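Residues per chain are reported as follows:
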Amino acid sequence: MIITIPLAIFMVITFVLVFMFVKTIDKRIWLTFLVSLVLTPLVYFYAVYPMINIFSNYHHEKYFSAEIWQDKPALRYELSNDMITSEILIGKTKTAIESLLGTHEWLSWDDAKKDHDPNKWNYGLGQEPGAFNTEKECLEITFENSKVVDLRLYKEEQN
């Protein structure tokens, strides 16, 4: 899990709210602080985080891992941001990409050629969590001279 600014902010807010609640039960500050410190992660991951996921598309991010990419395709969206910002795939060959990500799931359509473009590979990233998300995240990898030059995220409407 990558510690992000929104995660830190939500955890601090959760701690403050838990602290204020526990303070109504017991007036000893040291005990209130200790109990709040222990309860904050539990309250966050079992109450706050599920509510955030229902009403927004916020999700935790993970560092890119080829094993997670191939073993858990439904969680690929958690890896995508790190993969793009770190530019870990830029400059890699098609065979290196195939060994890291597996065989492409589909090729982009080229209107000029009226055919699929073998230099634009696409992978499905899954659907971001959230009650109102109906779009599937996708990743397009563009090759020039058999090397990665660009990664692009886009959303595809689910049928």
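Above this text sits the structure in question.
Residues numbered from 1 in each chain as written. Predicted model: local features only at pLDDT ≥ 70, side-chain atom pairs only at ≥ 80, totals over all residues. Heavy atoms only, no water.

J.: Can you break down the pattern of salt bridges residue by residue, with the values?
T.: Throughout the structure, instances matching the rule amount to five salt bridges. Among the salt bridges present, the one from Glu78 reaches Lys62, with a minimum N-O distance of 2.4 Å. Of the two residues, Glu78 sits in helix α4 (residues 76–85) while Lys62 sits in the loop between α2 (29–55) and α3 (66–71), which places them 16 residues apart along the sequence. Take Glu78: its relative accessible area is 7%, and that puts it in the buried class. Overall, Lys62 belongs to the partly exposed group, its relative accessible area being 27%. Residue Arg152 is joined to Glu140 by a salt bridge in which the shortest nitrogen-to-oxygen separation is 3.1 Å. Of this pair, Arg152 sits in strand β4 (residues 147–157) while Glu140 sits in strand β3 (residues 135–144); the two residues are twelve residues apart in sequence, bridging distant segments of the chain. (Salt bridge = Lys/Arg side-chain N within 4 Å of Asp/Glu carboxyl O. Helix = DSSP H or I, 4+ residues; strand = E, 2+ residues; numbered from the N terminus. Buried < 20%, exposed > 50% of the residue type's maximum accessible area, 1.4 Å probe, protein only.)

J.: I'd like a description of the packing of aromatic side chains, backed by residues and values.
T.: This structure, assessed with the given rule, holds eight aromatic pairs. On the numbers, 4.9 Å between centres and 85° between planes, the contact of Tyr44 with Phe45 is edge-to-face. A relative accessible area of 33% means that Phe45 is categorised as partly exposed. Both rings, one in Tyr44 and one in Tyr49, keep their centres 6.1 Å apart while their planes meet at 40°; by these two values the pair is tilted. Here the aromatic cluster, defined as three or more aromatic residues joined through ring pairs, consists of Phe15, Phe19 and Phe33. The ring of Phe143 is capped by Lys94, whose NZ or CZ atom sits 5.4 Å from the centre of that ring. (Phe/Tyr/Trp six-rings, centres within 6.5 Å; stacked < 30°, edge-to-face > 60°. Lys NZ or Arg CZ within 6 Å of the ring centre and 35° of its normal.)

None of the figures reported here should be taken as evidence of function without further support.
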